[in-house]
Amino acid sequence: VTRAWPARSGPASESTFDVIDPATLEIVGTVQEHDRAFAHEALDRASAALHAWGTTPPRDRSEILRRVFELLHRDRESLAVLVCRENGKSLTDAVAEVTYAADFFRWFSEECVRSAGNYGESPAGGSRSIIRHRPAGVAALITPWNFPVAMAARKLAPALAAGCTAVLKPAAETPLSALALADLIQEAGAPKGVVEVITTTDAPGVVASLLGDARVRKISFTGSTGVGRTLLRQAADRVLNSSMELGGNAAFVVTEDADLERAVDGAMFAKFRNGGQACTAANRFYVHESVAAEFVAAFGERVERLVLGPASEGADIGPLINQRAVDRVTAVVDGALREGARVAHRTKLPSAPGYFYPATVLTHVPQSAAILGEELFGPVAPVVTYSDETELLEQINGTEYGLAAYVYSRDTGRAISLAERVDAGMVAINRASVSDPSAPFGGVKQSGLGREGGREGIEAYQETQFLSVAW
Ligand code: NAD
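Now for a description of the structure that goes with this document. (Residues numbered from 1 in each chain as written. Predicted model: local features only at pLDDT ≥ 70, side-chain atom pairs only at ≥ 80, totals over all residues. Heavy atoms only, no water.)

Looking at empty space enclosed by the protein
Part 1: A full pass over the atoms with the stated rule returns four cavities of 30 Å³ or more.
Part 2: Counted as a void, the largest cavity has a volume near 80 Å³.
Part 3: Around the largest cavity sit 16 residues that line it, and Asn-249, Arg-284, Tyr-401, Gly-402 and Asp-423 are the ones nearest its centre.
Part 4: Each residue belonging to the lining of the largest cavity can be placed in one class, and the counts come to nine nonpolar, four polar and three charged. (1 Å grid on protein atoms, 1.4 Å probe; cavity = no way out; pocket = protein on both sides within 12 Å on 5 of 7 lines; lining within 4 Å. Points joined across faces, edges and corners; volume = space filled by probe spheres on them. Nonpolar A, V, L, I, M, F, W, Y, C, P; charged D, E, K, R; others polar.)

Have a look at this one:
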């Protein structure tokens, strides 16, 4: 696959870079290496398209978004295979991702025609207040490799619904899915310039130059907390409207009265979806001491049955994204083992040459272990036992992160009471997923600013305007 975006009349960039399948190390495709000059041209096109798109009747924008939803379903299988190849995830995970991505276009096609405003009489009398929302402007969207279609969809759908145009910079590991999505958006009827895609291995340089350009009025970033901090500093120079979806360190709590079968099912999904490379992935397991042995035995048995390998061979989980990720997870697990943790269960490694790390359950993890404070981003489940709920909450809340958490208990009231005291933007109760296009997704503390999805999702791409009218 060799891709250029957009199809340009002038000479294409001479420089390119390869996209690698992390399961087989084969080259999946080649894309253009865009530089800062290209980024400015992309911005020229996005700025030129802004006024017409922002004043296109919401119903017309809505119908284009709805059509993207339909096209994503039409191409669901082929797009999922592309995601598998450049990201390495299993086909089941990739199909689920494309379905989830499509749902954002459906949801925001519906929100697009319901932009609420307000009208009132000023308390002092003599004037009326009209409150309206207008598109924030050209949006710079920066996305990670772990959900290459869904993370782009979660930004593009609300941005376009609000009337913004967008310059999307996908991760260099997974640019092909983003280009394919942009193609579908164009096929659905979005005019040229409404979505621009920049493929580059120089993210720091290209993004900094975008953020330095006064035409960009919004940044929405999904990625690591460290890069998020850097971008917030750059955004501060131009007081940019900023949304940040950053790292997580989700606790997965199993209380003594939990339905253990259900908790094990949930643990498998919350931990091993995407090979653990999800911001909402269960990162640390807190299991009540009275049920810990039973939980670990049942969980471990399921983990040992997981098949690691390339998606093309029907594997349950794929590789990590690159060798750096394997080295990082290895170092964190080795550190935990030095602190007293034990490997209780582990899958076999496949013969494929990719960046595989075995699915692993660690027990005897001390409550002070460094592994519990870090975002693992891999298929490793450290299990800690607890006995006291107050101490449990101190531990769960004792990190810089606050994205997601999971609570399993048969007593829903108790689970809700626990969930309300967890410092996290999202808590799943007796279920293993918090992702829902109709609900606000996002974190507190250093897991981010703002929300994607729900009503809040579109507001992130709007500015409020107040008209004070002498009556
Ligand atoms: P990353 O921060 O390394 O990269 C994310 C994006 O930023 C990529 O497009 C990358 O090219 C770009 N980038 C990297 N350095 C940059 C810089 N200095 N300036 C500008 N852009 C830069 O993250 P990643 O490894 O791609 O993704 C994993 C991280 O993303 C994890 O921390 C995960 O928790 C987080 N994530 C969060 C959410 C969420 O919704 N909260 C969702 C998915 C992933």
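Following the structure, the description resumes.
Some words on the site of the ligand
Part 1: The ligand sits among 28 residues. The nearest are Thr-143, Arg-154, Ser-224, Leu-246 and Glu-375.
Part 2: One of the side-chain N or O atoms of Trp-145 is found 2.9 Å from an oxygen atom in the ligand.
Part 3: In the model, a nitrogen atom of the ligand is placed 2.8 Å from a nitrogen or oxygen of the Leu-246 main chain.
Part 4: In the complex, 86% of the free accessible area of the ligand, which totals 850 Å², lies under the protein chains.
Part 5: Where the shell around the ligand is concerned, the elements lending two or more residues are α5 (150–162), α7 (203–211), β9 (216–222) and α8 (225–237).
Part 6: In terms of residue class, the shell around the ligand is made up of 17 nonpolar, seven polar and four charged. (Near = heavy atom within 4 Å. Polar contact = N/O pair within 3.5 Å; in protein donor to acceptor, adjacent residues only side chain to side chain. Areas by Shrake-Rupley, 256 points an atom, 1.4 Å probe, with all protein chains shown as cover. Helix = DSSP H or I, 4+ residues; strand = E, 2+ residues; numbered from the N terminus.)

Examining the packing of aromatic side chains
Remark: the centre distance and the inter-plane angle together describe each pair of aromatic rings, the angle taken between the planes.
Part 1: Following the criterion strictly, the structure yields eleven aromatic pairs and no others.
Part 2: Between Phe-252 and Tyr-408 the ring centres are 5.1 Å apart and the planes differ by 25°, which places this aromatic pair in the stacked class. Note that Phe-252 is positioned in strand β11 (residues 250–254) and Tyr-408 in strand β16 (residues 404–408), a separation of 156 residues in sequence.
Part 3: According to the relative accessible area criterion, Phe-252 is buried, its value standing at 0%.
Part 4: The class of Tyr-408 is buried, set by a relative accessible area of 2%.
Part 5: Three or more aromatic residues joined by ring pairs form one cluster here, namely Phe-252, Phe-272, Phe-285, Phe-295, Phe-299, Tyr-406 and Tyr-408.
Part 6: When the ring centre of Phe-38 is taken as reference, the NZ or CZ atom of Arg-45 above it lies at 5.4 Å. (Phe/Tyr/Trp six-rings, centres within 6.5 Å; stacked < 30°, edge-to-face > 60°. Buried < 20%, exposed > 50% of the residue type's maximum accessible area, 1.4 Å probe, protein only. Lys NZ or Arg CZ within 6 Å of the ring centre and 35° of its normal.)

Some details on a nonpolar patch on the surface
Part 1: On the surface, a cluster of nonpolar side chains totalling about 240 Å² of accessible area is made up of Ile-20, Leu-25 and Ile-27.
Part 2: Following the sequence through the fold, Leu-25 ends up in the loop between β2 (16–20) and β3 (27–32).
Part 3: By relative accessible area, Leu-25 is classed as partly exposed at 35%. (Patch = residues over 30% accessible without salt bridge, like charges linked within 9 Å, V, L, I, M, F, W, Y side chains within 5 Å. Salt bridge = Lys/Arg side-chain N within 4 Å of Asp/Glu carboxyl O.)

Focus on the layout of surface pockets
Take a probe with the size of a water molecule and roll it over the atoms, and the empty space left behind shows itself.
Part 1: Of the voids in this model, the largest pocket is the one considered here, and its volume is about 930 Å³.
Part 2: Taken together, 36 residues form the lining of the largest pocket, with Pro-144, Trp-145, Gly-223, Ser-224 and Val-227 sitting closest to its centre.
Part 3: Going through the elements one at a time, α7, β9, α8 and α11 (323–338) are the ones with two or more residues in the lining of the largest pocket.
Part 4: Within the lining of the largest pocket, the residues separate by chemical class into 17 nonpolar, twelve polar and seven charged.
Part 5: Computed from the structure, the second largest pocket encloses a volume of approximately 420 Å³.
Part 6: Looking at the lining of the second largest pocket, the elements that each hand over two or more residues are α1 (36–54), α2 (58–74), β5 (127–135), α5 and β19 (462–470).
Part 7: For the lining of the second largest pocket, the class distribution of residues is eight nonpolar, seven polar and four charged.

Some points on α8
Part 1: Taking 1.5 Å as the rise per residue, α8 with 13 residues should run 18 Å; its terminal C-alpha atoms sit 19 Å apart, in good agreement.
Part 2: Restricting attention to buried positions, one finds in α8 the residues Thr-225, Gly-228, Leu-231 and Ala-235. When α8 is viewed along its axis, its buried side chains cluster within an angular range of 115° and face the same direction. Relative to its buried face, α8 has exposed residues pointing more than 90 degrees away, namely Arg-233 and Asp-237. (Expected span 1.5 Å × (residues − 1). Arc of directions from axis to C-beta.)

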